[in-house]
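Survey of secondary and tertiary structure
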Amino acid sequence: MAFDLDMIKNVYDRYSARLAAARNATGKHLTLTEKILYAHLSEGDAKTAFGRGVDYVDFAPDRVAMQDATAQMALLQFMQAGRPQVAVPSTVHCDHLIQAKIGATEDLSTAKDVNKEVYDFLASVSDKYGLGFWKPGAGIIHQVVLENYAFPGGMMIGTDSHTPNAGGLGMIAIGVGGADACDVMAGLPWELKFPKLIGVKLTGKLSGWTSAKDVILKVAGILTVKGGTGAIVEYFGEGARSLSATGKGTICNMGAEIGATTSIFGYDEKAATYLRGTKRADIADLADAVAEHLTGDPEVYANPADYFDQVIEINLTELEPHVNGPFTPDLAWPISKFATAVKENGWPVKLEVGLIGSCTNSSYEDITRSASIAKQAIDKHLKTKAEFTITPGSELVRYTVDRDGYLDTFAAMGGVVLANACGPCIGQWARHTDDPTRKNSIITSFNRNFAKRQDGNPNTHAFVASPEIVTAFAIAGDLTFNPLTDTLTNDKGEQVKLDEPLGIEMPVKGYAVEDAGYQAPAEDGSKVEVKVDPKSARLQLLDPFSAWEGTDIFGLKLLIKAKGKCTTDHISMAGPWLKFRGHLDNISNNMLIGAINYFNNTADSVKNELTGEYGPVPATQRDYKAHGIGTVVVGDENYGEGSSREHAAMEPRHLGVRAILVKSFARIHETNLKKQGMLGITFADASDYDKIQEDDTIDIIGLTTFAPGKQLSVVLHHKDGSTDSFPVNHTYNAQQIEWFKAGGALNIIRRQMAS
């Protein structure tokens, strides 16, 4: 669990020389983002990257962090790499497999029993290869990382899309697929397309009901779920310096919802306070000594339009609390307009459940602000009208807020404390409902609210807000209630108004914990046996994917033409499928079952050209594979947005899909496809999407001369004998083309380790 001070010193030692070279090469001042990226460049890329006239660049991250659902596949891949130990500090966090059903104690006990073989595998593989292991109940990966591992100016990758949470402490932290994590753990450089830069200038200061969560809810409304794609968002200004470190973490965490590569704040007094409060004063001292490197140059912030590709300005003093949703995290409503929106759109007014916590909003400050509202419900004789749950982010936070009496406050107002885990945020929620077909509303302080995300129910209208706003809505049980202006009728028939929330940024008595839940690896893992039962339904050792056959690809069938939004939840659902994250063949039975078929507007129903009948997507694809027939998946805009799960790329590869052809890709998913040796291509003309017919046979031409920047061609053979042909684009560089030819990046790693 101990942080590596020598590693951090080495990082800081690089800054002065690297940044001087960057200034000489660019002739300009530097943003914080550029400083951190330049300090983490692999040596060979330094000269070209300093000019920012580059595409993909190699970096050397300082850390890897993995949650249990994605760590299974990442570590199964790492086991094939041939290394005795991980090359950089790495950790596994058991947070995704605990289902919220009854309460913390019962749910954790059940999870340890149900998931025993997975936990045993993760503990043993961590022990063998030198990874730190955070046991179930220790907390959610991003909160635990913020409390223990994040440091200003560092660079980390994590196998979860909300890894950018660590940006609250000034770290470039980027969500990736397991194959990327495998590369870095194997000691290879990590490749990233050099990002655009979006600057968000924060002025003024938050007050009253407005919180840090409202900053990112506002930004999501401005940029939408695609507006941050290919960019790093850097927050600055006096308003930024006034926010707590955990509040900044909330903003960076939910930056994943705008498609951003990551988000970041500069190092300041708030960051130093949090480091010292979490027993990392040594890191704060090191950061203080190089503070000028851990924020953007003053000239940058004085003239941001000259240094950022886009600049947004938000006055925190004027910012209203926001509620975003339903069904997408970028549909932003100021609280003053939300009630009208609810009525005009016919959304269910009655609130059935309010849920606070998760990796986004479970800090000590969040809990105390929410508890101050809960305390008013008790003191003002208000009965909570909706179900109410609390998910602590870590055992450190849970133990501390319990010691300070806040969990008792929630219990007194009718709240149920869930395990320190992701739970309802990712669909790990056994929701209690008397009629799943009824349209209903819930509100959470989580980050995502796609249809069926929380409870698997397409009739659930999920909204996102700050924990204190969620708590107020739960008390009211009514989405047209505005806690800033409206009153409620208490048990005595009196009209009472909720006062503004009051929070405590850092615990007065300091943080405390009896058992944080950390297990250190064996000093010598050579004799440790990794536990995988060959008969297991949940774990399966991997076989390498086959290499490209060396020719253009002919005679492919259309598996599905996905219509509209197709996130990684649509491609590889979470919820009950999480238990198969370590078994590629079994989890492939969920492939694309959530995607809507363009030709019949139905999920999990596609035409099998071999039989002429409609059936489930995975079964249809397995039939094609059994007959040696490859297929193509066609998609719409921003295909693969959402969670970083590489299973959404591995499942099609495993079942014999040869190419994914879409209007545009979400960043992480496109990289995941490339890592697995899959062909990910985009329409040069988006209108060519309309040419795809259900009974088409498809050829992909140009692979024998596959080269960066060179278009491929797609030929459609229609059932009536006619054809259509059109060019398609790709973003593969020379190295990624080699991944494709080899059948996946891991095949190349294995070859290198063996040589």
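The structure under discussion appears in the preceding block.
Residues numbered from 1 in each chain as written. Predicted model: local features only at pLDDT ≥ 70, side-chain atom pairs only at ≥ 80, totals over all residues. Heavy atoms only, no water.

By the criterion of burial, strand β2 (residues 63-67) is predominantly enclosed, with five of the five residues buried. A two-sided burial pattern is seen for β2, the buried positions comprising R63, A65 and Q67 on one face and V64 and M66 on the other. Pairing of β2 with strand β3 (residues 90-93) involves four bridges; the strand directions are parallel. Pairing of A65 across the sheet is with T91, part of β3. Note on the crossover from β2 through helix α4 (residues 68-78) to β3: the handedness is right-handed. (Buried < 20%, exposed > 50% of the residue type's maximum accessible area, 1.4 Å probe, protein only. Helix = DSSP H or I, 4+ residues; strand = E, 2+ residues; numbered from the N terminus. Pairing = 2+ DSSP bridges. Right-handed = clockwise from strand over helix to strand, strands pointing away.)

Right, let's talk about empty space enclosed by the protein for a bit. Counting across every chain of the model gives nine cavities of 30 Å³ or more. By volume, the largest cavity is sized at about 220 Å³. Within the lining of the largest cavity, the residues separate by chemical class into eight nonpolar, 10 polar and four charged. When grouped by side-chain class, the residues that make up the lining of the second largest cavity number seven nonpolar, nine polar and five charged. (1 Å grid on protein atoms, 1.4 Å probe; cavity = no way out; pocket = protein on both sides within 12 Å on 5 of 7 lines; lining within 4 Å. Points joined across faces, edges and corners; volume = space filled by probe spheres on them. Nonpolar A, V, L, I, M, F, W, Y, C, P; charged D, E, K, R; others polar.)

Okay, the sheet that holds strand β32 (residues 723-729) next. With respect to topology, seven strands assemble into a closed barrel ordered β22-β27-β28-β29-β32-β31-β30, the strand pairing being mixed. Strand after strand, the sheet turns through a mean of 40 degrees between neighbouring axes, direction not considered. The pairing of strand β30 (residues 697-701) with strand β31 (residues 712-717) spans five bridges and is classified as antiparallel. Among the inter-strand pairings, I700 is bridged to a residue of β31, identified as V714. Where helix α22 (residues 617-626) meets the sheet, it contacts β22 (553-561), β27 (631-635) and β28 (657-662), and its direction lies at approximately 170 degrees from that of β22. (Axes fitted to C-alpha atoms, helices over the stretch in contact; angles between N-to-C directions. Contact = heavy atoms within 4.5 Å.)

Counting buried positions along β28 gives five out of six residues, so the element sits mostly inside the fold. For β27 and β28, the ladder comprises five bridges, and the chain directions are parallel. Each bridged residue has a counterpart across the sheet, and for V633 the counterpart in β28 is I660. Handedness of the crossover is the feature at issue here: the chain leaves β27, passes through helix α23 (residues 647-655), returns alongside β28, and the resulting connection is right-handed. Taken together, β28, helix α24 (residues 667-675) and strand β29 (residues 679-683) constitute a β-α-β crossover, and its handedness is right-handed.

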